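# Topology and contacts: notes
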Amino acid sequence: ITGASSDVGTSLIRRVYRPGDRVIAQGAGDLSALYELKKEVDDLLLIDADLSDISAIRLFVQQLEGQPCPTHFVHLPALRVVNTRYKNFDFDRYLLDLNVQLQSAILLTQSILPKMAKAKFGRVLFMLTSYLTSVPPKNVSAYMVAKSALAGLARSLAIDFAKDGVTVNSVL
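This is a predicted model, so every value here is computed, not measured. Counting restarts for each chain, with residues numbered from 1 along the sequence as it is written. Note on the predicted model: pLDDT of at least 70 is required for a residue's local features to be given, and 80 or more for side-chain atom pairs to be given and counted; whole-chain, interface and lining totals, by contrast, use all residues. Computation of side-chain values: all heavy atoms of the structure, hydrogens and water removed.

## Focus on the overall build of the protein
Note on conventions: DSSP H or I runs of at least 4 residues are helices, E runs of at least 2 residues are strands, and numbering of each starts at the N terminus. Regarding its fold elements, the protein presents 5 helices and 5 strands. From first element to last, N terminus to C terminus, the protein shows the α and β order α-β-α-β-α-β-α-β-α-β. The quantity called the radius of gyration is restricted to C-alpha atoms. Its globule counterpart is 2.2 Å times the number of residues to the power 0.38. For 172 residues, the compact-globule formula gives about 16 Å, and the C-alpha radius of gyration of the protein, at 16 Å, lands near that figure. Counting only C-alpha atoms and orienting by the principal axes, one finds that the protein spans roughly 50 × 40 × 30 Å. Whether two residues are in contact is decided by their heavy atoms: any pair within 4.5 Å suffices. Long-range contacts, defined here as pairs at least 24 residues apart, represent 63% of the contacts in the protein between residues at least 6 apart.

## Thoughts on the packing of helix H4 (residues 91–119) against helix H5 (residues 141–161)
To obtain an axis, a line is fitted to C-alpha atoms, over the contacting stretch when the element is a helix, and the angle between two such axes runs from 0 to 180 degrees between their N-to-C directions. In the contact formed by H4 and H5, the axes pass within 9 Å of each other and the chain directions differ by 10 degrees. With respect to their mutual orientation, H4 and H5 come out roughly parallel. Contacts between H4 and H5 pair Tyr-94, Asp-97, Leu-98, Gln-101, Leu-102, Ala-105, Ile-106, Thr-109, Leu-113, Pro-114 and Ala-117 from the former with Ala-142, Tyr-143, Val-145, Ala-146, Lys-147, Ala-149, Leu-150, Leu-153, Leu-157 and Phe-161 from the latter. Gly is placed with the polar residues, together with every amino acid not listed as nonpolar (Ala, Val, Leu, Ile, Met, Phe, Trp, Tyr, Cys and Pro) or charged (Asp, Glu, Lys and Arg). Across the contact of H4 with H5, the residue classes break down as 17 nonpolar, 2 polar and 2 charged. Angle categories: roughly parallel below 35 degrees, roughly antiparallel above 145, roughly perpendicular from 65 to 115, and oblique for all the rest.

## Re the nonpolar core
Ranked by internal contacts, the top residues of the largest apolar core, which has 31 residues, are Val-124 and Phe-126. Of all the secondary-structure elements, those providing two or more residues to this core are helix H3 (54–65), H4, strand E4 (122–127), H5 and strand E5 (166–171). The element contributing the most residues to this core is H4, with 11 residues. Setting aside chain neighbours within four positions, we find Phe-126 in contact with Phe-73, His-75, Ala-105, Thr-109, Leu-150, Leu-153, Ala-154, Leu-157, Val-168, Asn-169, Ser-170 and Val-171. Definition used in this section: a nonpolar core is a set of buried Ala, Val, Leu, Ile, Met, Phe, Trp, Tyr and Cys residues joined via side-chain atoms within 4.5 Å. The buried label goes to any residue with under 20% of its type's maximum accessible area, the exposed label to any with over 50%, and the partly exposed label to all in between, with areas taken from a 1.4 Å probe on protein chains only.

## Some details on the sheet that holds E5
Strand order in the open sheet made by the 3 strands is E3-E4-E5, with parallel pairing throughout. Edge positions in the open sheet fall to strand E3 (72–75) and E5, since each of these has one partner strand only. Across this sheet, the average inter-strand angle for adjacent strands is 10 degrees, counted without regard to direction. Between any two strands, at least two bridges found by DSSP are needed for them to pair. As judged from the 6 bridges shared by E4 and E5, these two strands associate in the parallel manner. Note that in E5 the partner of Phe-126 across the bridge is Ser-170.

## A look at the pattern of salt bridges
A pair can form between side chains of opposite charge whenever their charged atoms are brought close. Basic side-chain nitrogens of Lys or Arg form a salt bridge, by our definition, when they fall within 4 Å of a carboxyl oxygen of Asp or Glu. Under the definition given, this model contains 6 salt bridges. The residue Arg-14 makes a salt bridge to Glu-40 at a minimum N-O spacing of 3.0 Å. With Arg-14 in helix H1 (residues 7–16) and Glu-40 in the loop between helix H2 (32–37) and strand E2 (43–48), the pair connects residues that are 26 residues apart, well separated along the chain. Taking the relative accessible area as the measure of exposure, Arg-14 reaches 41% and is therefore partly exposed. Between Glu-36 and Lys-39 there is a salt bridge whose closest N-O contact spans 3.1 Å. Here the salt bridges share partners, and the residues they tie into one network are Lys-120, Lys-163 and Asp-164.

## Some remarks on unusual backbone geometry
A negative phi angle characterises most non-glycine residues, just as the trans form characterises most peptide bonds. Phi angles above zero are rare outside glycine, and Lys-120 is one such case at about 60 degrees. Counting through the fold element by element, Lys-120 comes out in the loop between H4 and E4. Even without being a glycine, Asn-139 presents a positive backbone phi close to 70 degrees. One can find Asn-139 in the loop between E4 and H5.

## Observations regarding the packing of H3 against H4
Where H3 contacts H4, the two axes come as close as 10 Å, and the packing angle between them is 20 degrees. Looking at the two axes, H3 sits roughly parallel to H4. The interaxial crossing formed by H3 with H4 has right-handed handedness. Along the contact surface, H3 presents Ile-54, Ile-57, Arg-58, Phe-60, Val-61, Leu-64 and Glu-65, while H4 presents Asn-99, Gln-103, Ser-104, Leu-107, Leu-108, Ser-111 and Lys-115. Among the residues making up the contact of H3 with H4, the classes are represented as 7 nonpolar, 4 polar and 3 charged. Handedness of a crossing follows from how the near helix is turned relative to the far one, being left-handed for an anticlockwise turn of less than a right angle and right-handed for a clockwise one.

Put into structure tokens, the structure is as follows:
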């Protein structure tokens, strides 16, 4: 689970964890919520990786290479939405958000999906936003572009890996 240190991430782990499961939880910076969760989850591997940094994403992927093939992958991370008029669009901040949401998803799934396909089983889930199905609030263009790209990735991967027993979905 990427973005596992968020409220959604820790709640998800509490809800789906069963004794005997191995959970790999990625967070960045303050992992105190995950350290607390470690008391409840027997086999919880915590990885501190800054998904806004492409080098850190690549290192995270390398750390996963030695792990057994995952059965499930949940991608939750996103930077906080910044409400900014388009004329003040902060391109550097936008690129950071693309790293966190999209580039990390691409690099991680490039590593994980072939293993799932070989095992003929896997479940992948991307967290999107309800803004994609309705009129979004004003001044969130950078966030909308990143989420739209992630939605496109999910749809494409779903088609590419369905024949291998791997499902790729997204949640709004």
